[in-house]
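# Secondary and tertiary structure notes
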Amino acid sequence: MTHQDQVTSIFVPTSSLLASPTNPRKRFDEEKIQGMADTMATVGVLQPLVVRNFKGKKGKYEIVAGETRWRAATVAGLDQVPVIVRELTDQQVIKIQVIENLQRTDLHPLEEAEGFKLLLDKSQDLVPYTVQELAKEIGKSPRTIFASMQLCNLCDAAKKVFYEGFLSASTALLIARIPGELLQKKAISELKKDIRPGEALSYRRAQDLLKTRFTLQLSKAPFDINDPNLVKSAGTCTECPKRTGNCREAYPDIESADVCTDPDCHSNKRGNHVLHLKKEGARIIEGEAAKKILPYSSNYIDGGYIEYDQNMHRGKCSGNRLDELLADDPPELLTVIHPVSGDIVRVYKENEAMQKLAAKGLIDTVLASGKSSAEKQREADAKLDRAYRAGYLEAVRAEFDTKNGNGFSYFETRMIATVFFNRLDFEDRKSVIKVWWPERATGTMHDAVSDFSRSIPDFSLDDLELLLIDCALVSELRCDSYNFDRYPPERLLAFIKHYEIDIDHIKDAVDLRIWEEKSRKKTNLPRPTPRSAAQAQESKAPENQEALVAELAGDLSPEEAALIEPAAQADETSAAQAPKNKFEEIKAKKLAKIHKKESAKADESNGTAAAAAA
């Protein structure tokens, strides 16, 4: 059977179509569907749906591609829709559905991940793609696909809040790494408690909370998991029923047998362990002092300390553990409580440990000090330079204060605008380029961004002030389909209000531009309904201007006629290359004729009416 034999174009009853059970798209924008339905009520369904005969359901068709159009046609009350009936295998259906969804601009990251899973799933009775084959097919890197696939590990509750916009893609990945549905639900509940009213969920805050509460591998516990007295009601961790290995039926989705599923108990044991260390006389460092040693969310050690059991590779240490090298004469062991995660980190003072290694002949004295004399001199010079810089800033602030509110000079404005632009992230700098240099807004735009930054010193004062406004507002041009309504462009709207701009007039202009662009490709599209009074007045111009232009075609030269109706020309290639700007010029002239004729008619009517009145 040939490909042509497999494809048939027909009209079928809307009620005979059924959604495909394998369609990875689970969410449908009701507002978009209503908009499509309004259009379909006037012009019908312009693009046929792709369907196949539904297995086991006589007279029914499975929608392979076009479920949104089917839903819109149903809302519009259409009895029939055009379809292309194809004979497709299950694997072909899945491929068409996934690839179609991946090409959508409003595709949610979770839908993308589930689409990848469908094509890569070896459990189906199909021939799956390899990651490399899929990457080549859709133009993404294997690394991107692997990262995206982790979202499929989200439980249903996590998927729900992800779709609702509570989780960003990066935060959802953190949740997806938590083993098991129960722990993921607990994590989401904790995150919701941690958000104050009116605030968005911070990735850093979520990362810190989830690490502290839900990354609970017992092999990494800072306390003795076999100690029954840390929390007497819980007993040992190894025998606890909330350890995954002791209750596999409750946690079948967690592979490791050594995960604690009770973060509160884990936290209590850690706290009691610290209390025991204090009673035993251990030196505990916590709070602000701990922040200087553990300044980051990770357990990276700073401030002149070193992990007590670090493997040493200096001098003659040969990779042995520091505490073993100094077992007969150890430095004071310090216990640092991480100010964010609560992790217990044991350290030595680095200089003290190095001196003891030097005394044993394992490292030389220069290494023992940790720094050479030259390095120490550079540190001293840097410290002095920091003091100079602080003095510079103080003097600049004092000088500016003497201006008594005269505003920024050209020099000051130029400096601030340059810094602000260069501190925007790259996507926002690209958006600025699109506004200022639209002719350079192509490709990766790296050269354009660099050239623009170098050109700022040549800007006028007015341009610099305008650039500052752009830098303040440009980040609000970006919005995602799954959370744009949660985070409105507050700064943009504040400027709109401040300048008393008619926001409806802006929306009307955008609607009209989009309509005109679509009208070049499709006919009979309904003109958008104006929101503002000014646009409504403008819309009273002749309704079918394209038709009136066509009526004047008799006045056109052959060259003009060829430009307005390129399809009438025999040479399709040259017609497709007809200059659009010339077409617009001719069209404008013809419309001017129309308006002139209408004005003459109006004047004639007014004159007749005046004569009758006289």
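Predicted model only: the values in this text are computed from it and were never measured.

A few words on the pattern of salt bridges. Counted by the stated rule, this structure contains 25 salt bridges. For the salt bridge of Arg283 with Glu332, the shortest nitrogen-to-oxygen distance reads 3.3 Å. With Arg283 in strand 6 (residues 283–285) and Glu332 in the loop between helix 14 (322–325) and strand 8 (334–337), this residue pair connects regions lying 49 residues apart in the sequence. A salt bridge links Asp329 to Lys356; its shortest N-O distance comes to 3.0 Å.

The subject of this paragraph is the pairing of strand 4 (residues 61–65). For strand 4, a buried count of 5 out of 5 residues is recorded, marking the element as mostly surrounded by other parts of the structure. Sheet topology note: the strand 2 (residues 17–18)/strand 4 ladder contains 2 bridges and is parallel. Across the sheet, Leu17 pairs through a bridge with Tyr61, a residue of strand 4.

Now for a nonpolar patch on the surface. Side chains of Leu493, Tyr499, Ile501, Ile503, Ile506, Val510 and Ile514 sit close together on the surface and give an oily, nonpolar patch of about 540 Å² of accessible area. It is helix 23 (residues 503–519) that provides the largest number of residues to the nonpolar patch, a total of 4 residues. Looking at the secondary structure, you find Val510 in helix 23.

One can find Ser16 in the loop between strand 1 (8–13) and strand 2. When its relative accessible area of 6% is taken as the criterion, Ser16 is described as buried. Excluding its chain neighbours within four sequence positions, the residues that come into contact with Ser16 are Gly59, Lys60 and Tyr61.

This part takes up helix 23. Between its first and last C-alpha, helix 23 extends 24 Å over 17 residues, near the 24 Å set by a 1.5 Å rise per residue. Sitting at the amino-terminal end of helix 23 is Asp502, which places a side-chain oxygen 3.1 Å from the backbone nitrogen of Asp504.

So, on to unusual backbone geometry. Positive phi outside glycine occurs at Ser318, with the angle close to 60°. Following the sequence through the fold, Ser318 ends up in the loop between strand 7 (305–307) and helix 14. The phi dihedral of Glu500 is positive, around 55°, even though this residue is not glycine. Checked against the element boundaries, Glu500 lands in the loop between helix 22 (490–498) and helix 23. For Glu500, a relative accessible area of 72% gives the class exposed.

The rules behind the values
Residues numbered from 1 in each chain as written. Predicted model: local features only at pLDDT ≥ 70, side-chain atom pairs only at ≥ 80, totals over all residues. Heavy atoms only, no water. Salt bridge = Lys/Arg side-chain N within 4 Å of Asp/Glu carboxyl O. Helix = DSSP H or I, 4+ residues; strand = E, 2+ residues; numbered from the N terminus. Buried < 20%, exposed > 50% of the residue type's maximum accessible area, 1.4 Å probe, protein only. Pairing = 2+ DSSP bridges. Patch = residues over 30% accessible without salt bridge, like charges linked within 9 Å, V, L, I, M, F, W, Y side chains within 5 Å. Areas by Shrake-Rupley, 256 points an atom, 1.4 Å probe, with all protein chains shown as cover. Contact = heavy atoms within 4.5 Å. Expected span 1.5 Å × (residues − 1). Polar contact = N/O pair within 3.5 Å; in protein donor to acceptor, adjacent residues only side chain to side chain.

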